[in-house]
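Here is how the chains run, residue by residue.
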Amino acid sequence: MMSMNTYKMMFSTALLSLMASCSNPSANKEKNTDAEKAAVDSFLLNYNQQFQKYLTASNEGQWALNTHIVANDTATEKAAAKADEAMAAFTGSKSISDKASYFLQKKDSLQLNDLQVRQLHAILFNAGANPEAAGDIVKQKIAAQNKQTGLLYGFKFSLNGKEITPNDIDAALEKSTNEKERLAVWLASKEVGKALKNGLTDLRNLRNKSVQPLGYSDFFSYQASEYGMSTEDLMQTTRGMIKDIWPLYRELHTWARYELAKKYNKPVPDYIPAHWLPNRWGQEWSQLVEVKGFDLDPYLKKQGAEWIVKTSEAFYKSIGFDSLPQTFWERSSLYPVAPNAGYKKNTHASAWHIDNDKDVRSLMSVVPNTEWWSTALHELGHIYYYLSYSNPSVPIVLRSGANRAYHEAFGTMMGMASLQKPFLQHLNMVDKNLKTNDTLILLKEALQYIVHIPWGSGTMTEFEYNLYSKNTAPNQYNKLWWDLVKRFQGIEPPVARNEDYCDAATKTHINDDAAQYYDYSMSNVLLFQFHQHIAQDILKQDPHATNYWGNKEVGAFLQTVMKPGASVDWREHLKKSIGQDFSAKPMLEYFSPLMNYLKRINAGRKYTLPEQPDFNY
């Protein structure tokens, strides 16, 4: 690989040559056009090569930072920062962004093809994250991000004077029936927010300042631009999703209030106390429903954590995908860190594309339970998407999802498919003659996929919109957060939460995957669009009871959709793939049988959420 200095010298020489040839445009017009076309090809080739080199180093640094966290270890943090700074210097280079802009301005006269244009746009978007024009702000932002990561994942959660892990917290909130214990665990889970509050403010300011030199008003608008949307367009889309599913969410909320009050032998509250729910943020409530015969935990405990990951790979192979690269197994971090290991790691499941080619890894903490069963299928969905678009027809810089939500759509769809009865029966995970209450199964799914949208498009998106676009004051963080939680999720904190806390920052994405959480909501809409197509048009099965396992046509369809990566327009690609525009209609159709059931159950009950969501705050 050429060094950046060598590349810049060659780039400058080429530019001078082009300028010299322009001295006699009438005589050299055709020659100059050919030279500029060749310059575009050379520019893109060099950029992709350099981008891959810096990307790999940056990802390796972040991988080390997330998989081997040692208290007061500044060496790993500094190494990651150095690699990130080098990546930022390259992608944010003014000479590179200026040249990409120059070629885009001349795209018609140079007759650039769509693939060339998409690469140039991607180069400019990459520059927006760390523009050279922002000066020292970029370096400060990288340092602040890495510091926040260390604080978040190195934090020691404590309950009654003893350390507990995030997995311990999640297990207690999912299974404990002791309200006093639940409250203590919930409160313990929020302590990390105190340590993160100042860092979040620093990151907000630095992220905003870093994108403003390139013309973005703030970091939120910058992230929205990757969808080809303004902030206003994006907020209209996310709020539109909430409006679409609100009548069903309102029924679910009413049902949950009465069921939980019965469970804890308390009066029915107008809003759900946060510690009553089986998730730290109330983002999904599926554990509130137990479908008899569908308790997979005993089976999975017998099989073990490694079986879960290996069987996940076997599923993808059954529908026509290749085995995972051997390096996946050698380099991934798949299981919890031993208590005496001397280090910690990020416990949030994620998939990593280290080099935008074949070095794929997953960071998980798999234990043998139902949640990790579907999570493993989900994360390998990301991995196989990476591998699908890592092909010669997709340039390195375009090796990502058709849009950011596509990745989550495929991953989550596979997680959902892995919990449908025919799929589980095929693997002998449940009895083949099992009779189940299919309405309860549908309710359990709604408590995951429908409940997530007011959280993802409402609480999370509205908070980050205010944080970045409206510069919410630090002494208003918790007030804003709990106003949004109540407004969109119908949840209240069990005790007063003052501004010493920063409960928003307890959610990892607020810190290290900022201003794009709406991806998950959009992915929920997309996944039901794709799932409906697979069920009805390929499998010819009821969308509520499918079995993808072993169907090569399903695999061929998925590979066709995945293979182009970001080299195509996501809207056109969606329409071409399934014959539909982006729409929540398939999701609502899927859950339509549940709506009538809930209305019967809730007859005569008090509804506390308004008939329409309220966005005026």
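The notes below deal with the structure included here. (Residues numbered from 1 in each chain as written. Predicted model: local features only at pLDDT ≥ 70, side-chain atom pairs only at ≥ 80, totals over all residues. Heavy atoms only, no water.)

Our focus in this paragraph is the overall build of the chain. Counting secondary structure elements, the chain contains 25 helices and six strands. For 617 residues, the compact-globule estimate of 2.2 N^0.38 gives 25 Å, and the chain sits close to it at 25 Å. Overall size of the chain, expressed as C-alpha extent along the three principal axes, is 85 × 55 × 50 Å. Considering only intrachain contacts with a sequence separation of at least 6, the fraction spanning at least 24 residues in the chain is 79%. Summed over its atoms, the accessible surface of the chain is roughly 25800 Å², and 50% of this surface lies on carbon and sulfur atoms. (Helix = DSSP H or I, 4+ residues; strand = E, 2+ residues; numbered from the N terminus. Rg over C-alpha atoms; globule rule 2.2 N^0.38 Å. Contact = heavy atoms within 4.5 Å. Areas by Shrake-Rupley, 256 points an atom, 1.4 Å probe, with all protein chains shown as cover.)

Before going further, it helps to examine helix α19 (residues 477-489). An ideal rise of 1.5 Å per residue puts 18 Å on 13 residues; α19 measures up with 17 Å between its terminal C-alpha atoms. Across the 13 residues that make up α19, a large majority, 10, are buried. Looking at the packing, one finds that the buried side of α19 touches α8 (179-190), α9 (192-211), α11 (231-264), α18 (438-469) and β6 (491-492). (Expected span 1.5 Å × (residues − 1). Buried < 20%, exposed > 50% of the residue type's maximum accessible area, 1.4 Å probe, protein only.)

Turning next to the pattern of salt bridges. The final tally for this structure, using the stated rule, is 25 salt bridges. A salt bridge links R487 to D483, with the shortest nitrogen-to-oxygen separation between them at 3.6 Å. Here D483 and R487 lie together in helix α19, a separation of four residues that amounts to about one turn. In this structure, the salt-bridge partner of R487 is D614, at a minimum N-O distance of 3.0 Å. (Salt bridge = Lys/Arg side-chain N within 4 Å of Asp/Glu carboxyl O.)

In terms of nonpolar packing, the biggest core is built from 150 residues, with L252, W373, Y406, F530, L558 and F591 touching the most fellow members. The element best represented in this core is α18, accounting for 15 residues. The residues contacting F591, other than those within four sequence positions of it, are L248, L442, E445, A446, Y449, I450 and F528. Counting residues in hydrophobic clusters, the runner-up holds 25 residues, among them F51, F90, F103 and L398. (Core = buried A, V, L, I, M, F, W, Y, C linked by side-chain atoms within 4.5 Å.)

Turning to the packing of aromatic side chains, a few remarks are in order. The geometry of an aromatic ring pair is captured by the separation of the ring centres together with the interplanar angle, meaning the angle of the planes. Using the criterion set out here, one finds 47 aromatic pairs in the structure. Taking the centre distance of 4.4 Å and the plane angle of 5° together, the rings of F125 and Y222 count as stacked. Of the two residues, F125 sits in helix α5 (residues 114-129) while Y222 sits in helix α10 (residues 219-225), which places them 97 residues apart along the sequence. Taken as a pair, F125 and Y222 share a single burial class, namely buried. Centre to centre, the rings of F315 and Y316 are 5.0 Å apart; their planes meet at 65°, and the pair counts as edge-to-face. Since its relative accessible area comes to 1%, Y316 is described here as buried. Following the ring pairs from residue to residue traces out a cluster consisting of Y385, Y386, Y389, Y406, F410, F530 and F557. Note that R207 overlies the ring of F219, its terminal NZ or CZ placed 5.8 Å from the centroid. Over the ring of Y271 we find K486; its NZ or CZ atom is 4.8 Å from the centre of that ring. (Phe/Tyr/Trp six-rings, centres within 6.5 Å; stacked < 30°, edge-to-face > 60°. Lys NZ or Arg CZ within 6 Å of the ring centre and 35° of its normal.)

This paragraph deals with the environment of R204. Mapped onto the fold, R204 is located in helix α9. Here R204 falls in the buried class, since its relative accessible area comes to 4%. Here the side chain of R204 touches N205 through a polar contact of 2.8 Å, side chain to side chain. A distance of 2.8 Å separates a polar side-chain atom of R204 from the backbone oxygen of L467. (Polar contact = N/O pair within 3.5 Å; in protein donor to acceptor, adjacent residues only side chain to side chain.)

With that out of the way, let us pick up α9. For α9, with 20 residues, the first-to-last C-alpha span of 28 Å sits near the 28 Å given by 1.5 Å per residue. In α9, a bend of some 35° at N198 exceeds every other bend along the element. (Bend = angle between axes of the 7 residues up to and from the residue.)

With that out of the way, let us pick up the pairing of strand β5 (residues 360-363). The side-chain alternation of β5 yields two buried faces, one formed by V360 and S362 and the other by R361 and L363. Where strand β4 (residues 350-353) meets β5, four bridges bridge the pair, whose relative direction is antiparallel. Looking across to β5, one finds that S350 is bridged to L363. (Pairing = 2+ DSSP bridges.)

Turning our eyes to something else, we now look at the side chain of N66. By the secondary structure assignment, N66 is in helix α2 (residues 25-67). A distance of 2.8 Å separates the side chain of N66 from the backbone oxygen of Q62, its partner in a polar contact.

The subject of this paragraph is the side chain of K141. Residue placement: K141 occurs in helix α6 (residues 136-153). For the buried K141, no salt bridge is present, and the opposite-charge side chain at shortest range is D84, 9.7 Å distant. Of note is the side chain of K141, whose polar atom sits 2.5 Å from the backbone oxygen of A129. Ignoring sequence-local partners within four residues, the contact set of K141 consists of A129, N130, L203, L206, R207 and S210. (Lys, Arg positive; Asp, Glu negative; His and termini not counted.)

Attention now goes to the packing of helix α4 (residues 94-105) against α5. Running from N to C, α4 and α5 point in directions that differ by 145°, and their axes come no closer than 9 Å. Where α4 crosses over α5, the handedness of that crossing is left-handed. On α5, the residues that touch I96, S97, A100, S101, F103 and L104 of α4 are V117, L120, H121, I123, L124 and A127. Of the residues contributing to the contact of α4 with α5, the split by class is nine nonpolar, three polar and no charged. (Axes fitted to C-alpha atoms, helices over the stretch in contact; angles between N-to-C directions. Left-handed = near helix turned anticlockwise from the far one by under 90°. Nonpolar A, V, L, I, M, F, W, Y, C, P; charged D, E, K, R; others polar.)

Attention shifts here to the pairing of β4. Burial along β4 is two-sided: the residues S350 and W352 and A351 and H353 are all buried. Between β4 and β5, which pair antiparallel in sequence order, lie six residues; one of them, N356, sits at a positive phi of approximately 55°.

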